[in-house]
Every structure is written in C-alpha cells, then in structure tokens.
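# Structural features, examined
Listed below, chain by chain, are the residues.
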Amino acid sequence: MQSVLTALALGALYGALGIGFVIVHRLTGMVNFAMGDIAVAGAFGAVVASSVLPPLAAIGVGALTGAVVSVLMYHLAIHPLRHQSLMVQTIVTLGVGIAIRSAIQLIFGTGPRQFEPITSGSSLTILGGSIPLQSLWLVGLTVVGYLGLAFFFDRTLSGKALSAFSVNAYAAGVVGISLTVMATIAFALSGAIAGGVLAAQVPTSFITAGAGLALGLKGFIAAILGGFEKLGLTLVGGFIVALVEVLVARNVSAAQASTIVFLLLIVLLVVRPQGLTRKVAADRV
Amino acid sequence: MSELRSPLTLSWRHGVAAAVWIGIVLLFAGLANAYYAGLGATVGILALLALGMVLVTGYAGQFSLAVGAFYGIGAYGSTLLTVKYGWYGLVALVLAATVAGVLGYAIARPLFRLRGHFLAMATLALTEVFYLSVNNAGFTGGSTGMGGIQPLDLFGFSLSSSASHVVVNWVVVGLVVWGILTLRKGREGRALLAIRGHEAAAAAAGVNIPSAKARVFTASAVISAVAGSLYAHQYLYVNPPPFGLQTAIDVLMIAVLGGMRSPWGAVIGAIALEVIYQGIEAILPGLLGTGAVGAGQQLIIGLLLVVILVVRPDGIAGALGDLIGFVRRRLGGDRAPEAVAPTTTQTSTDMRALRRQEDEAGPVSPGSVVLSARGLLKRYGGVTAVDDVDLDIHEGEVLAVIGPNGAGKSTLVNMLSGNTPPTAGTVTIGNVETTSMRAHEVARHRLSRTFQTPCLFEGMDVAATVKVGAHLRGNVGMLRSSIPTPAAVREERRLADETQAVLTRLDLAHLADRDAKNLSLGQQKIVEVARALVGQPRLILLDEPCAGLNKAEKASLMQLLRALGREGLAVLVIEHDMEFVMASADRVHVLNFGKTLRVGTPDEVQNDHAVIDAYLGVATDADEAAESVEVTH
Amino acid sequence: MSDALAVSNLSFYYGRAQVLDDLSFTVAAGEIVTIIGPNGAGKSTLLNVIARSHRLRRGAVAVAGTSTSRMSQSQVVRTGCSLVPEGRQVFSTLSVADNLLLGGYTRRRDNTTKKLLREVYDLFPRLEERSHQLAGTLSGGEQQMLAVGRAYMSQPKVMLLDEPSLGLSPQMTELVMKVLKRMRDENGLTIVLVEQNARAALALADRGYLLNAGKFVLEGTAAALRGDPAVKHIYLGGASSTEQVEGPLADSLAAELAE
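Because the structure is predicted, anything quoted here is derived from the model rather than measured. (Residues numbered from 1 in each chain as written. Chains lettered and ligands numbered in written order. Predicted model: local features only at pLDDT ≥ 70, side-chain atom pairs only at ≥ 80, totals over all residues. Heavy atoms only, no water.)

### Some remarks on the packing of aromatic side chains
This structure, assessed with the given rule, holds 22 aromatic pairs over all chains. Seen in terms of ring centroids, Y209 of chain C and F216 of chain C are 4.7 Å apart; in terms of plane orientation they differ by 35°. Their pairing is tilted. Put simply, the rings of Y71, Y76, F130, Y231, Y235 and F243 of chain B pair up and form one aromatic cluster. Stacked on the ring of Y105 of chain C, the Lys or Arg R108 of chain C has its end atom at 4.1 Å from the ring centre. When the ring centre of F91 of chain C is taken as origin, the NZ or CZ atom of R150 of chain C, which lies over that ring, is 4.9 Å away. (Phe/Tyr/Trp six-rings, centres within 6.5 Å; stacked < 30°, edge-to-face > 60°. Lys NZ or Arg CZ within 6 Å of the ring centre and 35° of its normal.)

Right under this line is the structure:
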C-alpha cells in the first residue's frame, strides 16, 4: 500500500510531464526533448517566488515560468525552423534543454533547493500507508490540471481549434486557424502543467538543476503509454512508470530502479509503441 | 559527350591524398607539445564517434544517440579484457569491437522499426541504461571506474606518448573517412542515401531497407567501439561519465557544427568543438569565475546548437561546400547553369502521326502474361478505393490505366508493386505469387516503377539517382564497397556503363552531374523513368509520367514506350493526358469508383458512352443533359 | 460596384515547374463561375493560391474590392473568401457540429454562430440529424455537405469549391449543385467552382473558363462551352482518328503545337 501511495504522487508528476509531451506532439508532431528542463525551470521559478509568496502562489508562479520558457523556446528556436525536418526540430529542443539546464545551474548552482509545503502537518495515513499532505496537493493539482485541459479541449472553441489542427493541419488553415497562435497556446499549456506540477513536488523532496533529463525520459514513457494521444491514459501511464520504479527500488535495489525503467522504455517502444491505446503513434512520424 | 566515369576508381590521386594526410598527422605529432598532442588525440577519438554518426544519421537519415553505449562497450570491453584477463591489447580491441557489432546488429532490427524522435528517444535511453549499468555494477568498478590499463602495444611498439596517440588515432580517422567517402560512391552508400531521401522509392528500386539500416548501424557501433578502446588505452583509466549522454550530445554537436552529410563534417566539427571548448575555458573564468566553467560551457554549447541550426542547418561543412561551389563557378565560369540538351531532330509532335510511324517500325506482338492480378480489393476504413479488379499485362504490351480523379489508379499500382498491401485478391508475376511481398522483394521479380510525384533523393546527382535503380544488378556489400576491392570497382564500372546507356537513350547524359532535385519537373519525371529502366525490368509501371512534360518530351516518351514494347517489355502506364494514352497504348483499362469500367483498344474506349460519362460527368438536369448530347456525338 | 473576386496576372511555380501562367479573371457578385479542365491543369493550385494555402508570389488578388495579396490565410477568410478544399478535408475525429463551429472560427467574436448554424442545417437537414456523429463516419456525400457548410459558417462573400463532385454519385453531385445554386439565389453568394465533372459544372454555372497546362485556353458562357467540342478534346484526347479539332480552341491549340 505504501508503494501505491508513493507511486501515486510520483506518477502524477510523470503523468503531468507526459501530458506536456502529448499536447505539443499532437499539434506539431514533434517530441520536445527539453520538456524535463522546462519543468525544472518552472520548479526553480517557484523556489524563487516562495521567498516572497505563500507556497500555493509560488506554485502558480512555477506554472507561469514553465509556460513562458516553453513559449519562448517555440518562438526563438522552433518557429524559425518550421520548414525544416522534424529531426532538425528535435535536435534543437535537445540544445534548448542543455541551455536551460546549464543556465539554471549557473544561477542556482548544483545544490538541492526546497520550499515550504502548502499545508503543514504530518502525513495522512491511508490503509496502512502514509502520504505527505503536500503529495496530496500534488495529486490534486494534477487532477485539476487534467480536468481543466479536458474541458479546454472538449468544450472551448480554442481547444477544438487545437484538436482540429492536430487532425488536419491543412483544413485548419483553410478555416482560418493560425499555426503560430495554436502552437503558442500548446507550448504554454505544456510548460504550465509540467512546471506547476513539478513545483508542487518540490516541498516533499527537493529540486536540482540536473533533474530534467531523467524526469523528461520518465514523462516520455508515460506519454508513450498514453499513445502520445490520450491525456487520461498518459496519467495512468505515469502511475505505471512510478509504480514500477517504486517496486524495483523497494524489492531489488534503489540504484537499479532507473536502469530498469529505461530498459522498459526501450522494450516498450519496440514491442508496443502504441502504449495503452490501439493506434500507433510512432507510425505518424 | 564524355563517357560517364565510374566514380569508384583507384588512382594515383588516392596515394597522394593518403600521403598528405599522414604527412599532416606526423607533422602535428612532431611539432605539438604534450598538452596539444593530448588534445589532438582526444579530438581524433571524438571525430571517430562523429563519423559513426555521419553513417547512421547523415547517410541513412536515422537519428540515433546510441553512440555513448557503443563507445563505452569498446572502452570497458578493452579494459576488462586486458586488465582482468590479461589479453593482448589489439586482440581485446578487436573482440570488444566485435561484441559491439554483434550487439548493434541484434538490436538494430527491432530498434529501426521506430522512426524520428521515437528512435532518438530509444537510443538515448540505451545510452542512459549503459551509463547507469556501469555506474552501478561492481565488476566495472562502479562510479570510481577502473585503472591499470597498459598503453596499446602495436607489435612491439608501446604507444605511450601523446604523439603516438595522435598518429594512431588520426590514421584510424583517415581510414574511416576514406571508407565512408568510398562507400558513398558505391552501391550500398547510394542505397543508404536513397533511404534517407525517400524510403518508398528506395524500396521500389530493390533496396532492403531494414537490412541496410541494421548493417550501417552495426558499422557505426564498431567504429564507436574502436574509438572507445583507443580512449581506454590513451587515458589508461575508465569511469562512467564519458560514456553517458554528455558524449552523445558532444557528438551531436560535432555533427551539427560540421554538417552530417559528409565525413569531412565530422573531422571539421570535432576540431571546431575543441576550439570552442578551449575558447570558453580561456574566457569564461574571467567573466563568471572559475566555478562556472562547466555549466557555462554547456550553456554556450546548447545555445550554439540552437543558433547554428536556425542559421545554418547544414553546418560548417555545408557553408564551406557552398563557398567552394561559388569559387568554382567563378573560376570555371560557364559550367553549371547551361547544360544544353542535344537538339532533337524531331519535328512533329502530332501523337497520332507518330504512332503510325512507330507502328511501321515493327509490330508489337504481345506474348505471355507477365503480371496477373485477380480480385484485387483495397479498403481504407469504410472507403473502397479499389474494388475487385482483374488485370493482366502481357510481354511486349503497353497497357494504360485511366479513370477520373479518385478512381483508384494509384492504389492499384501500389498494390501491384508491393508498396500497399491489398485487402483481398492476388498478384502473380511470372509464376510467383507476390501478393504479400514487400516492395523490395517484388522488385527482385524484375518489376520497376515510377511515382506520381517524382521521388528523387536529396543531394544526389542524376547519374547516382539513376544508378540506385541498378541496385539489384550488383551485389557488392557495404564492407567491400568501402575498401574497395577490385571486384567492387569492376562491378561499379559495369553499373556505370549500364547507367550511361540508359541516360543516353533517354537524352539525359548531358544532365548526369546535375543535382536531380534541381531539374524541371519534366526532367525529374524522365530521371525516374531512367531509374526504373536501369534495373532491366521485364515489367515497368509508370504513374502519371506526363505531368510536367512539354509536347516534345511527351512525344519522345510515347515513342520510348512503343520501343520498349517492341523489345518485349511489359509497360503499364497511368496517365491523364488522353492524347498520350491513346497514342501509346495497345489496350486501355478504365477504372471508375475503384471498379473496372471497360477494357479495350484506345478506339473502343474513346467512343464508349460509359467512359465518356465517367470523364465528363453526367449533367444534373434532364434538359441540360439533352443539350450536352452534341458533345458526346 | 467592384467585382466580388478579381485575379490579375497570377503565376505560380512548384520549385521550378510553372503550374499557373499569368492568369487574370474577374467574378461579379452573385455570379457562379466554373473553372474546368483535365487533371493536372492547375485548377486546385489556383484556388489554393487565392485562399492562400499556397503562397502568392506573383500576381494580385482582391476580394470585394479589398486586396488580399498581402494577407495571411486567416485574414483572407475574414475578408470573406472561403475554400471548400478538394477531398472534403473535414476534421474526421471531431463531431459534425464541432466541424461547423470551427468553420466560424474567424467570426467567433461576431455572435452570429447560432444564426449561421441554423442556416447550414436548413440547407443540409442531413447534417442536423448527424450533428453529434464524428465527421469521419459520414458518407462521402455527407462529408462534402459538411465541407460546404463549414465554409459557409465563415460568412463568405466568395466561396471557392475544389471538385465537390469528386467520388460522389451523380445523385449526390446533383444535390450538392442544387444547394450551391440555392446559396447564390437566396444569399447572393459568389461561387467559383473548380470541376473535372465539366457537365455538372457547366449546367450550374453562368460562365466558365477552360484551364489547360496552367493557362486559360477557352472562356465563355456556360451554354457556349457546353457545345464546344474542344472541351471533349482536352478531356479525352484526339477523339476518333478521322475528325479534326474545330471550334474556338483550334487557334490556341495550333499555337501550342507550334511551340
């Protein structure tokens, strides 16, 4: 039970990063290798804000930071390359990721950072397992973010326009939907959910400048499990990744947990690239 | 007009190039002090890694970041074998490289079912898995690593000085550069570039894509592993960090800096990256303090990666190439722009007259059935694109498939050539059923095809593009073609001759050294026809060859089809230009809504009311239909 | 009053291949003009350049007197020129109603959505019946209705239709053509209809142009074009071997042959 509870919080984090991948991929067909680092930038934004703002507001600042960094990346690095192949666009996100990571390191150093949880107090005990209150906030925030996105995509005209663009970019242009506007929205949402949720995790553990790569890879697995298409399944995928990681860490060795998870990624990509869905996302590339 | 020379020849120039290369390396090794020699040797190792990436990413167009893992296998393999088991260094190097090669080959097939970023992510994970494994495993020394390695012993010479590292590393680099350059000019290299350019077209030419990708990935793994072994014997100590993602990014950076299309890019990029690193180390501490060097370096590398890609996606080598081209044009003056076609003696472009003329040249006598399709059916979701079509093509016959837009013509041809699997029905070529074969397997039964929109390969000249079509006319593999053996040179010469013959026949010889993608649409179409013909097929499928051709080109294409028929070839052509169809075809097969509407001679089809209605449509009002009767006679 | 659509000296190249060669034409408000011609003549390209799915590099386009030459694709839609693209191109995984709403994307601040939706459902009652179905599950004819309805939702002055009869049965083609006529008669919509189905198009249109190899080779009233044997010649080649080409096209053909 303890494993499940721990995995729940971690899974929400991976799921949120996965959703960040999915939103951008659905629109542009590209995989954003800087996703993890954008989330880390959001978390550090929250760390800075936490010195003057209450934790909840600081997390809001984290989401905002993630969104701003993500949108900047689109306009400075990806938009100029929109006529180039997806491979070039992918490499450029790698470069952006490195730049963000090392810029954070330059400013904040390599040491861990943390801030106060939203509600202080001891952990909640459920069915023999315990979960820190802040982790509940994290899970809650992810669920709220997911519901908000679901509402946005299903109920608002802008959300539908974004979906329309993913389905048929040519026809979206024909009805007057502009790629630049849509991409700005998508990158903002992607950065916001990843940055905000990672910021919410900071009080329970801590954040370091170099955390982005591993986080990004795990979020990517969640996105694969969600078929790079379905937001809900991506959250489920995040939980599965976290559960595997937690179980391996408890029963085999903590050091091997990441190795096993990444091996799982390779196997998953080769054996079942469609993840939990029926459609193969890898074929669309 | 000069003969098309096989680019794959051995001449005195190669000897001179090798001598110059070794001279420069020796000069540097002799002049540099130990510090710079050490740097030079390290740059050589990075250049080797980047060369591996040029093969997989630059040539074959597959974005892989697995370099770190294979680099590590070489380094750790050599270390374990020599330190723990006391093996002789060179033998250990060979074995480590073999292990990397076998492993690379084994994982390549499943891995390369992935494309684009999914492949990048999987190979990135592979590198990360290797890094974490050696970092955690006891027998590799964990995060502290392993020491006690001896310098490489080269038949009695102990390579312990930095100068000797420079010589060995850069001679290996020279060999690999040479191999990769020669590979490019040979059959397998062309196949790789064709895969990068257009997979469907490469497969149609008979290139076995999964196999070619697996083999090039293996070659790259071996090169990376050799680099790793050299690294271990140079530093005499291995620990995990150099084999993680950082190296993969460095190599990527080199490839981006130098450009991935040519092995020279890897060499230039490796040197440029080191210069940048040195520059940063000299300047940064003054700006940000010594503590910031590591992160500052990364920041600059990251930003540089972005800036270079935005400004110049083909890197320094691309910029240099442009510069050289510019200088050459200035010096050579006239050469590039005006490649004038030999004036054709043809005066008439009246298709019907030409057909009469052609028929007098000799009768076409259809022979036995070459290809036969029965009950072909293709559904896309709820839409039936091709619906129960039967079709036979005979030796020496020109069969035209026509029909209004969306009638299912291209889908039909794609099913015949193995590019699209049918939902139901069978295709038989000769006596062999090819229904479930993939395109490159169907091509082995001597079926060639062209595509509706010309599928040419980026950065390839006309001669090479056409030669890809001769892929199945040769059998020299990747290794033999990069050395190259005398047999490989002979074969390449034969392919060049065969290509030359086709180019001459199609009036393309004067364009042989032009970039195929820069030709006019009509010329591109003819290049595709040439690529299909050079494979010496017995059946050729042409998908809308006339689009973009002018009157004279159409007339000579029509004459070509008639001539091919006389030679016993079976020709299937999809075309909208009815004048062309009626003049070139022996039989016409009309499709409408995916079904066979009519099969007959051109005259029969042209005067068939159902066909006319299918083309001109049916008027919507009864009284207007009456008016339009005069159009239909 | 100015023309609903004016195109002048428009040329277009794919790479180095010229697809459209110096085309000029005008369409008066409320007129239905058809551009017919064989496959590959450049008809689709022409509409896509006017709607700015392709870039406009040479020539000028004006919609209802406003030059759209320098506009982006969405501005062109807002100015009142909507394209019904070839092959329908509906948003297959969205519902019929969502497809229509997105058609009005550029008018999302005008508060006219409800009224327009009502009008589309009146034109195509079938769409109202299926409004909650996914567009991808509709039949070809229904998808075509949806594509027309989607373009209508942007309140265009000029509607460009690219081969609406493609893959449709004659009955379905007739139904679509009737709705087009109704939209013109009742709402004064100007229509430019690109068709391979020359008979259906000429039955509906007021005037027509015959496009071949990027040039207009013939123009005239629909009635005149219907009777011109050159049309069949262009579509089906040199007819039977004894007859020669006659009619207004003979001159231009001769000129072409002389090249």
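That covers the picture; the talk isn't over yet.
### Let's talk about the confidence of the model for chain B
All names here are of chain B. The share of residues in chain B with pLDDT of 70 or more is 91%, and the mean pLDDT across the chain is 85. For chain B, per-element mean pLDDT is lowest for helix α26 (residues 629–632), which scores 37, and highest for helix α9 (residues 209–235), which scores 95. Across residues 333–345, confidence stays below pLDDT 50; counting only partners more than four residues off in sequence or on other chains, it has 13 contacts. pLDDT under 50 marks residues 620–633. Its contacts with residues more than four places away, or in other chains, come to 21 contacts. Scoring the predicted complex yields pTM 0.84 and, for the interface, ipTM 0.86. (pLDDT = per-residue confidence, 0-100. Helix = DSSP H or I, 4+ residues; strand = E, 2+ residues; numbered from the N terminus. Contact = heavy atoms within 4.5 Å.)

### Side note on a nonpolar patch on the surface
Residues and elements named next belong to chain B. Judged by side-chain polarity, Y85, W87, Y88, V91, L95, V99, L154, F155 and F157 come together as a nonpolar surface patch covering roughly 940 Å² of accessible area. The element that contributes the greatest number of residues to the nonpolar patch is helix α4 (residues 89–111), accounting for three residues. Its relative accessible area of 40% is what places V91 among the partly exposed residues. (Patch = residues over 30% accessible without salt bridge, like charges linked within 9 Å, V, L, I, M, F, W, Y side chains within 5 Å. Areas by Shrake-Rupley, 256 points an atom, 1.4 Å probe, with all protein chains shown as cover. Salt bridge = Lys/Arg side-chain N within 4 Å of Asp/Glu carboxyl O. Buried < 20%, exposed > 50% of the residue type's maximum accessible area, 1.4 Å probe, protein only.)

### Quick word on the packing of helix α2 (residues 34–59) of chain B against helix α6 (residues 162–185) of chain B
Residue and element names in this part refer to chain B. Viewed as axis vectors pointing N to C, α2 and α6 meet at an angle of 20°, and their least axial separation amounts to 8 Å. When the axis of α2 is compared with that of α6, the two are roughly parallel. The crossing of α2 and α6 is left-handed. When its residues are assigned to classes, the contact of α2 with α6 shows 20 nonpolar, six polar and one charged. (Axes fitted to C-alpha atoms, helices over the stretch in contact; angles between N-to-C directions. Parallel < 35°, antiparallel > 145°, perpendicular 65-115°, else oblique. Left-handed = near helix turned anticlockwise from the far one by under 90°. Nonpolar A, V, L, I, M, F, W, Y, C, P; charged D, E, K, R; others polar.)

### Section: the side chain of Q201 of chain A
Here Q201 of chain A shows up in helix α8 (residues 179–201). Every residue in contact with Q201 of chain A, bar those within four places of it in the chain, is listed here: L10, L13 and L138 of chain A.

### Regarding the interface of chain A and chain B
Chain A puts 44 residues into the contact, and the matching count from chain B is 41 residues. Buried surface at the junction of chain A and chain B, both sides included, amounts to about 3600 Å², of which 85% is carbon and sulfur. Here chain A is connected to chain B by zero salt bridges. Inspection of the chain A/chain B interface yields two residue pairs in polar contact (both at pLDDT 80 or more). Looking at the side of chain A that touches chain B, the elements with two or more residues in it are α1 (2–28), α3 (55–78), α4 (86–108), α9 (212–225) and α11 (257–271) of chain A. Top contributing element to the side of chain A that touches chain B by residue count: α4 of chain A, with 15 residues. (Buried area = accessible area lost by both parts, 1.4 Å probe. Polar contact = N/O pair within 3.5 Å; in protein donor to acceptor, adjacent residues only side chain to side chain.)

### Comments concerning unusual backbone geometry
I483 of chain B connects to P484 of chain B through a cis peptide bond whose omega is -20°. The phi angle at E544 of chain B is positive, at roughly 50°, despite the residue not being glycine. Tracing the chain through its elements places E544 of chain B in the loop between β9 (539–543) and α21 (551–566). A residue is classified by how much of its surface remains accessible, and E544 of chain B, at 11% relative accessible area, is buried. In this structure, D22 of chain C takes a positive phi of about 55° despite not being glycine. For D22 of chain C, the position within the fold is in strand β2 (residues 17–27).

### A look at the environment of G62 of chain A
All names here are of chain A. Along the chain, the position of G62 falls in helix α3. Assessed through its relative accessible area of 0%, G62 is described here as buried. The spatial distance from the C-alpha of G62 to the C-alpha of A209 is 15 Å, given a sequence separation of 147 residues. When residues no more than four places from it in sequence are discounted, the contact partners of G62 are G42, A46, G195, G196 and A199.

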